[in-house]
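What the coordinates show
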Amino acid sequence: MTKSEKIDQSAAKPVKNPVKQGNLQFMTGNDALVHLPIEQLRRDNENGLRTKGFITGYPGSPMGGYDMALHRAKIEQYDIIQKPAQNEELGATSLLGTQMLDNFDPDNTDGVLGIWYGKGPGADRSGDAFKHGNFAGTSKHGAVIILSGEDHEAKSSSVPYQQEFGFEHSGIPVLFPGSVAEFIDFGLHAAAMSRFSGCWTAMKLVAPLCDGGEVVDLDQLAVPNLPQNFEVEGRAFAKSTDFNFFPVLNVATEAKLYNERHEAVVAYARANGLNQIKESSSSDKIGIVTAGKSCSDARAAMAKLGLHAATRAKKGIRLAKVGLLTPLDEEVFREVTDGLDLIIGSEEKRDFLERQVAKAIAGHRSAKIIGKRDLNGARLFPVEGGMDVDIVTDRMA
């Protein structure tokens, strides 16, 4: 795989943010998710693409108000169709149809941005449709985003949910935004990643952010960059769609998904810095690896313990924030853990991220890893429920 260079998202002309400067707006999580497809189609239009949107799914907390928010925004005026599904898997199956555009010659549409919304139970029952859709791929100018509402504490579900394991099973990349502003930024990356790689892309959306809000600067939204001249095993990468799920053919599709399209996803993540070392120094010996909201929780917890940024630097504490949960970028984790003696995995629910780190550094780094268990095997960060600043502070003390 060649080293990725950066180019503009459209490879046609620069994407421009709105002309107005200092465009600050208070947004809830749902507000941000409503703005996402509008902004994506606006950018496409500026770059000469005649794209349209199709949004479907089934409401349920923390995505419970999304359908009503779309209705209040009169989303149809932006060339976006909203069709609540009879159930979640029918919604996911209909999105597969939006990516068949390359097989036809439409007069006024170059591609469709498809968006599915729902929560844990719906994602579970849609697993087969997700897997088939991801295997089939996305059209030349199409993309599919899965908005996965995660009810970690089972506040509105019969049991708690954590969906990244399910998406990994289907070969679907997962992005984990850590703020309301990142709902839009990571959503724009999800669309660009899906369009570039051919993968359906999921966003892990936790309840505290879906139900929360913050001031977002709409003039400072992310501008995705595509890897230029990207190759896999010496050949130029080119995505393709294939809706023929027949023996032999489907194994060839599987090979392309995991050996080519996933490489494109990782290259995209590198080109856009989705996995970041947020704090580091040359003398670091302890590393804290987080993802999404857990990064801000870890920072706030350390501050409560008297470990402010300057103190953390003196004590050799490195902090990393992972934006792409899967597929695994082993090189990033080896860079994050270089020179460390101890790695702390701070994440909600089961040890998805901790396992990724362990796999990446095995045979390359000698650092010890703790997370769900400490070095003595005692329980550390909980697998049950969610985590907040107080819980992280207590376990780090």
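Attention in this report is confined to the structure presented alongside it. For every chain, the first residue of its written sequence is number 1, and the numbers climb from 1 along that sequence. This being a predicted model, a pLDDT of at least 70 is required before a residue's local features are given, and a value of 80 or more before pairs of side-chain atoms are given or counted; all residues contribute to the totals for chains, interfaces and linings. Heavy atoms from the whole structure form the basis of all side-chain values; hydrogens and water molecules are not counted.

Focus on the pairing of strand β8 (residues 201-206)
Extensive coverage of β8 is indicated by the burial of 6 of its 6 residues. Under the scheme applied here, a residue whose accessible area is under 20% of the maximum for its type counts as buried, over 50% as exposed, and between as partly exposed, the area being computed with a 1.4 Å probe on protein chains only. Runs of E in the DSSP output that reach at least two residues are strands. Runs of H or I that reach at least four are helices, and both are numbered from the N terminus. Burial of β8 is two-sided: the residues Thr201, Met203 and Leu205 facing one way and the residues Ala202, Lys204 and Val206 facing the other way are all buried. Of the strand pairs in this sheet, strand β6 (residues 143-150) and β8 are connected by 6 bridges, and their pairing is parallel. Counterpart to Ser148 in the pairing with β8 is Lys204. Strands qualify as paired when DSSP identifies two bridges or more between them. Relative to β8, strand β7 (residues 174-175) is paired through 2 bridges, and the arrangement is parallel. Bridge pairing in β8 links Val174 to Ala202. Each parallel crossover has a hand, and for β7 linked through helix α7 (residues 180-197) to β8 it is right-handed. Seen with its strands pointing away from the viewer, a crossover is right-handed when the path leading from the first strand over the helix to the second is clockwise.

Notes on the packing of helix α3 (residues 88-98) against helix α5 (residues 127-136)
At a closest axis distance of 8 Å, the pairing of α3 and α5 adopts a crossing angle of 10 degrees. With respect to α5, the element α3 is oriented roughly parallel. Contacts from Glu89, Ala92, Thr93 and Leu96 of α3 reach α5 at Ala129, Phe130, His132 and Gly133. Along the lines of polarity and charge, the residues of the contact of α3 with α5 split into 4 nonpolar, 3 polar and 1 charged. With axes taken as lines fitted to C-alpha atoms, and helix axes fitted only over the stretch in contact, angles between N-to-C directions fall between 0 and 180 degrees. Angles below 35 degrees are treated as roughly parallel, those above 145 as roughly antiparallel, those between 65 and 115 as roughly perpendicular, and all remaining angles as oblique. Contacts between residues were defined by any pair of non-hydrogen atoms, one from each residue, lying within 4.5 Å. Under the grouping applied here, Gly and all other residues not named as nonpolar or charged are polar, the nonpolar ones being Ala, Val, Leu, Ile, Met, Phe, Trp, Tyr, Cys and Pro and the charged ones Asp, Glu, Lys and Arg.

Observations concerning helix α1 (residues 29-46)
Helical periodicity: at 3.6 residues per turn, an α-helix aligns residues three or four positions apart in one direction. Taking 1.5 Å as the rise per residue, α1 with 18 residues should run 26 Å; its terminal C-alpha atoms sit 26 Å apart, in good agreement. Immediately downstream of α1, the backbone of Gly48 shows phi near 80 degrees, a positive value. One fewer than the residue count of a helix, multiplied by 1.5 Å, yields its expected span.

Side note on the packing of aromatic side chains
Only centres within 6.5 Å qualify two rings of Phe, Tyr or Trp (six-membered ring in Trp) as a pair; their planes then separate them into stacked at under 30 degrees, edge-to-face at over 60, and tilted for everything else. Counted by the stated rule, this structure contains 8 aromatic pairs. When the ring of Phe130 is compared with that of Phe167, the centres are 6.0 Å apart and the planes differ by 40 degrees; the resulting orientation is tilted. Residue Phe130 is located in helix α5, and its partner Phe167 is located in helix α6 (residues 164-169); the two are separated by 37 residues in the primary sequence. Of the two residues examined, Phe130 and Phe167, each falls in the buried class. The interplanar angle of 90 degrees and the centroid separation of 5.0 Å between the aromatic rings of Phe165 and Phe352 together place this pair among those described as edge-to-face. Of the two residues, Phe165 is situated in helix α6 and Phe352 in helix α13 (residues 352-361); the sequence distance between them amounts to 187 residues.

A word on the sheet that holds strand β17 (residues 342-345)
Strand order in the open sheet formed by 5 strands is β13-β15-β14-β17-β18, with mixed pairing between adjacent strands. Since the sheet does not close on itself, it has two edges, and those belong to β13 (276-279) and β18 (368-370), each with one partner. The average undirected angle you get between the axes of adjacent strands in this sheet is 25 degrees. Across the sheet, α13 lies against β14 (286-291), β15 (317-322), β17 and β18, angled at about 170 degrees from β18, the strand it touches most.

Side note on the packing of helix α10 (residues 293-304) against helix α14 (residues 389-396)
As a packed pair, α10 and α14 sit with axes 8 Å apart at the nearest point and diverge in direction by 55 degrees. With respect to their mutual orientation, α10 and α14 come out oblique. Considering the relative orientation of α10 and α14, their crossing is right-handed. Between α10 and α14, the residues in contact are Asp297, Ala298, Ala300, Ala301, Met302 and Lys304 and Val389, Asp390, Val392, Thr393 and Met396, respectively. A per-class count over the contact of α10 with α14 returns 7 nonpolar, 1 polar and 3 charged. Should the near helix be turned anticlockwise from the far one by less than a right angle, the crossing is left-handed, and should it be turned clockwise, the crossing is right-handed.

Thoughts on the nonpolar core
Counting 90 residues, the largest nonpolar core has Tyr66, Phe130, Ile145 and Leu147 as its most contacted members. Looking at this core element by element, the count peaks at 11 residues for α7. Those residues within four positions of Tyr66 in sequence are excluded, and the remaining contacts are Asn30, Leu33, Val34, Ile55, Tyr117 and Leu147. Grouping buried Ala, Val, Leu, Ile, Met, Phe, Trp, Tyr and Cys residues that are joined through side-chain atoms within 4.5 Å yields what is termed a nonpolar core. Cys295, Leu307, Ile317 and Phe381 belong to the second largest nonpolar core, which has 14 residues in total.

Some thoughts on the environment of Asp110
Position of Asp110 among the secondary structure elements: in the loop between α3 and β5 (111-119). For Asp110, a relative accessible area of 21% gives the class partly exposed. A sequence separation of 61 residues divides Asp110 from Leu49, and the C-alpha atoms of the two residues are 6.2 Å apart. Once residues lying within four places of it in the same chain are set aside, the contact partners of Asp110 are Gly48, Leu49, Arg50, Leu101 and His141.

Let's talk about α13
Most of α13 is tucked away: 7 of the 10 residues are buried. Considered for burial, the residues of α13 that qualify are Phe352, Leu353, Glu354, Gln356, Val357, Ala360 and Ile361. Positive phi appears at Gly363, one or two residues downstream of α13, with a value of about 85 degrees.

Some points on the sheet that holds β7
The strand order across the open sheet formed by 7 strands is β4-β3-β5-β6-β8-β7-β16, and the pairing between neighbours is mixed. Every other strand in the sheet has two partners, leaving β4 (80-84) and β16 (324-326) as the edge strands with one partner each. Bridge count between β5 and β6: 7 bridges; the pairing is parallel. Counterpart to Ile115 in the pairing with β6 is Ile145.

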